[in-house]
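Below are the chains, spelled out letter by letter.
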Amino acid sequence: MLSYILRRLAIAIPTLILVSMFIFTLQKILPGDPALALAGEERDAAALEFIREKYKLNDPIYEQYLAWAGGALKGDLGISLRTNQPVTELIGQKLPVTIQLAVMAIIIAFIIGIPMGVLSAVKKGTVFDYIANIVALSGLSIPNFWLGIMLILLVSVNLGWLPASGYVSPFIDPLRSLETMIMPAFVLGTALAATLMRHTRSAMLGVLRADYVRTARSKGLGETVVVIKHAFRNALLPIVTMTALLFGELLAGAVLTEQIFTIPGFGKLIVDAVFTRDYAVVQGVVLCTAVGYLLINLVADIVYFLLNPRMRSVL
Amino acid sequence: MHSDADSNPSPLLAVDNLTLRFSSASGNVVDGVSFSVSPGETLCIVGESGCGKSVTALSLMGLLPMPPAQITAGSAMFDGKDLLRMPRREMAAIRGNRMAMIFQEPMTSLNPAYRIGDQIAEVVLRHRPVTRKQARARALEMLDRVKIPAAVKRLDDYPHQLSGGMRQRVMIAMALANDPALLIADEPTTALDVTIQAQILQLIRTLQEETGTALIMITHDLGVVAEVGDRVAVMYAGRIVEQGSVDDVFIDPQHPYTLGLMSSIPSLSKREGRLTTIPGMVPTVDTMPPGCRFAPRCPFAGAECKAAVPPLTDLSPGHAAACIRAPLEAEAHFDGAVA
């Protein structure tokens, strides 16, 4: 088990190096001069040169990369060109917010998507199945921002049940934190629930046809035991993979929802950084996202490993 | 329950006029099938693939998905109750308990996620008032009885750690764990290597003798019938065309289809000539001919064969065939049908 995790981590290292090189060079190729962005109204050549010199923008690109990568290894992602805060500090502030949002969204997606998927597979071809599929398709088709705005209008403006925006850390006031996050998490979660439901349904349809499910029935087991213990247990593997992908997407993909609910999260940080050409922040954030993706997939692999006895004996 | 079985063998299972169809097809997949099994007896149901033998077995176990399958007529009396009209819950109480089944595909019939010991113990726990520990002990005992070496260690193996033959032994252990009165084996050796086939058949026979369970053996292999069967029912295109003791049917086959099946077995004594085959194909459910369903392939068929369904008629006590030409003349054989 431990050797398996170590091996997975070893594979992750070259991936990370490639990703870091890619984001670094891509950014240099993109149009727009950070020195110009920083200088603002000052277009004085000496001022620009001073800025370039200060931020080592004149050095060869590989030197710039090595300097940055070396720092990153030591946990130093540079300093925001715009706010002069260390990038790690910015990330440290914003990332937990987005993680909280993502976890809550995934939980909501699980609560809705998995039972719906299991039921619609078991009741394939019935009215329930059709309705569940229509609901899922609607969930996929309705844009997050629209649902978000509608929810704010209904729940916050008209009913006044929940705050429309803002953020409170769960460590300061858990209940208040839940209140502010439940709507954005719901918006993100329902969209994921639709995807999750479709995947659960097709995975379940596959295993429900399996010979061992027929064996389970031939043992006289009740239908619930057959479906949950014998079928769903084997349908979990593709669901785990799917969940990891969805969670990774949430880390970087909650941008619009964060904007609508004015949540000071990771998505907002990226958008602001890109607009102001805040190189150090963009690089740091993208690198951090890549690490997040790799970690999530590692966790998914470990769960996969625990769920699948066949893999355990291969290793 | 059947204490009078010795003096007057009342059947354990009596299937009468079982008729079932799939909603997608126009004809009946199983058409008026009747047979019975006495306690401790082995009935072989033999026929080509698609003749309805597996569907018959699954319908008795209540394992046919309905829909699309639909039982349109018939009854199957087991322990004095009709299996075909039994409430789901009552059926589940019998399955794996009073009657059990083993399947054709040992490779995929065990759940890959659970240890085999737990899978056997599960069926014991389901039907008996025992503790987990007792159920596990029973699982171990069963693994021993199906001759799995080092059973104690194997108890915690996952299915993928076992070979096909071993997995089929586990399936047998699971099926017999609650001492069923009836075991249905659906082509239990077809997916196995030839050497393993013989071992598994031998094992089933030994266990049957030890436990006194009745056995319905479904097979396409007349060799298996000769090996294990007391009686045999020959199925063709959803109907039983001949039924009788294995000796009667093998020595004196009375339906042209049975005759054809016999001639299809390569024999060591008649080495000359080509292997005999039955010309034509088994009709599909949608293209069932009227009258005798074998008539289009039968060398003895006449116009009258296509007019009406020949009934299964007793030719001698316990030996019946569904052919208007029966009894066939002693020298009748399938030469006219060499492909």
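Model, not experiment: these values are computed from the prediction. (Residues numbered from 1 in each chain as written. Chains lettered and ligands numbered in written order. Predicted model: local features only at pLDDT ≥ 70, side-chain atom pairs only at ≥ 80, totals over all residues.)

Looking at the confidence of the model for chain B
Residue and element names in this part refer to chain B.
- Counting all residues, the mean pLDDT for chain B is 83, and 91% of those residues have values of 70 or more.
- In this model, residues 1-8 is a region of pLDDT below 50 whose contacts with residues beyond four sequence positions or in other chains number seven contacts.
- This prediction of the complex comes with two scores: 0.79 for pTM and 0.84 for ipTM. (pLDDT = per-residue confidence, 0-100. Contact = placed C-beta atoms within 7 Å.)

A look at unusual backbone geometry
All names here are of chain B.
- Residues other than glycine seldom take positive phi values, yet Asn17 does so here, at roughly 55°.
- Here Asn17 falls in the exposed class, since 12 other C-beta atoms lie within 10 Å of it.
- Located in the positive-phi region is Ala150, a residue other than glycine, with phi close to 50°.
- By secondary structure assignment, the location of Ala150 is in the loop between helix H5 (132-145) and helix H6 (151-154).
- For Ala150, a count of 9 C-beta atoms within 10 Å corresponds to the exposed category. (Buried ≥ 20, exposed ≤ 12 C-beta atoms within 10 Å, placed from the backbone. Helix = DSSP H or I, 4+ residues; strand = E, 2+ residues; numbered from the N terminus.)

Things to note about the UniProt feature "transmembrane region" (unreviewed entry) in chain A
Residue and element names in this part refer to chain A.
- Look at the UniProt record and you will see "transmembrane region" (unreviewed entry) annotated at residues 9-30, 99-122, 134-161, 181-199, 236-261 and 281-307.
- Within residues 134-161, the helical portion is 82% and the strand portion 0%, while the C-alpha atoms at the span's ends are 29 Å from each other.
- Overall, residues 181-199 shows 100% helix and 0% strand. The separation of its end C-alpha atoms is 26 Å. (UniProt positions renumbered as here; feature names shortened; annotations may be inferred.)

Some points on the sheet that holds strand S6 (residues 99-102) of chain B
Residues and elements named next belong to chain B.
- Strand order in the open sheet formed by eight strands is S6-S7-S8-S3-S9-S10-S12-S11, and the pairing between neighbours is mixed. Edge positions in the open sheet fall to S6 and strand S11 (313-316), since each of these has one partner strand only. The average undirected angle you get between the axes of adjacent strands in this sheet is 20°.
- Bridge count for S6 against strand S7 (residues 182-186) is four bridges, and the pairing is parallel. Paired with Ile102 across the bridge in S7 is Ala185.
- Sheet strands in contact with helix H1 (residues 53-61) are strand S3 (42-46), S6, S7, strand S8 (214-219) and strand S9 (231-236), and its direction is about 145° off that of S7. (Pairing = 2+ DSSP bridges. Axes fitted to C-alpha atoms, helices over the stretch in contact; angles between N-to-C directions.)

Quick look at the packing of helix H4 (residues 116-127) of chain B against H5(B)
Residue and element names in this part refer to chain B.
- Here H4 crosses H5 at 120°, and the two axes come no closer than 8 Å. The hand of the H4/H5 crossing is right-handed. On H5, the residues touching Gly117, Ile120, Ala121, Val124 and Leu125 of H4 are Arg132, Ala135, Arg136, Arg138, Ala139 and Met142. (Left-handed = near helix turned anticlockwise from the far one by under 90°.)

Topic: the sheet that holds strand S5 (residues 81-82) of chain B
Residue and element names in this part refer to chain B.
- Pairing is antiparallel across the open sheet formed by four strands, whose spatial order is S2-S1-S4-S5. The outermost strands of the open sheet, each flanked by one partner alone, are strand S2 (28-37) and S5.
- Of the strand pairs in this sheet, strand S1 (residues 13-22) and S2 are connected by six bridges, and their pairing is antiparallel. Each residue of the ladder has a partner; that of Leu13, found in S2, is Val37.

Side note on the packing of helix H6 (residues 127-141) of chain A against helix H8 (residues 174-208) of chain A
Residues and elements named next belong to chain A.
- The contact between H6 and H8 brings their axes to 8 Å, and the two run at 135°. Of the possible angle classes, the one that applies to H6 and H8 is oblique. Pair H6 / H8 crosses with left-handed handedness. Contacts between H6 and H8 involve Ala132, Ala136, Gly139 and Leu140 from the first element and Thr190, Ala191, Ala193, Ala194, Thr195, Met197 and Arg198 from the second.
- Across the contact of H6 with H8, the residue classes tally to seven nonpolar, three polar and one charged. (Parallel < 35°, antiparallel > 145°, perpendicular 65-115°, else oblique. Nonpolar A, V, L, I, M, F, W, Y, C, P; charged D, E, K, R; others polar.)

Considering the interface of chain B and chain A
- The partner chain A presents 18 residues to the 25 residues of chain B that form the contact.
- Secondary-structure elements contributing two or more residues to the side of chain B that touches chain A are helix H2 (88-94), S6, helix H3 (106-109) and H4 of chain B.
- Here the side of chain B that touches chain A takes four residues from H4(B), the largest share from any one element.

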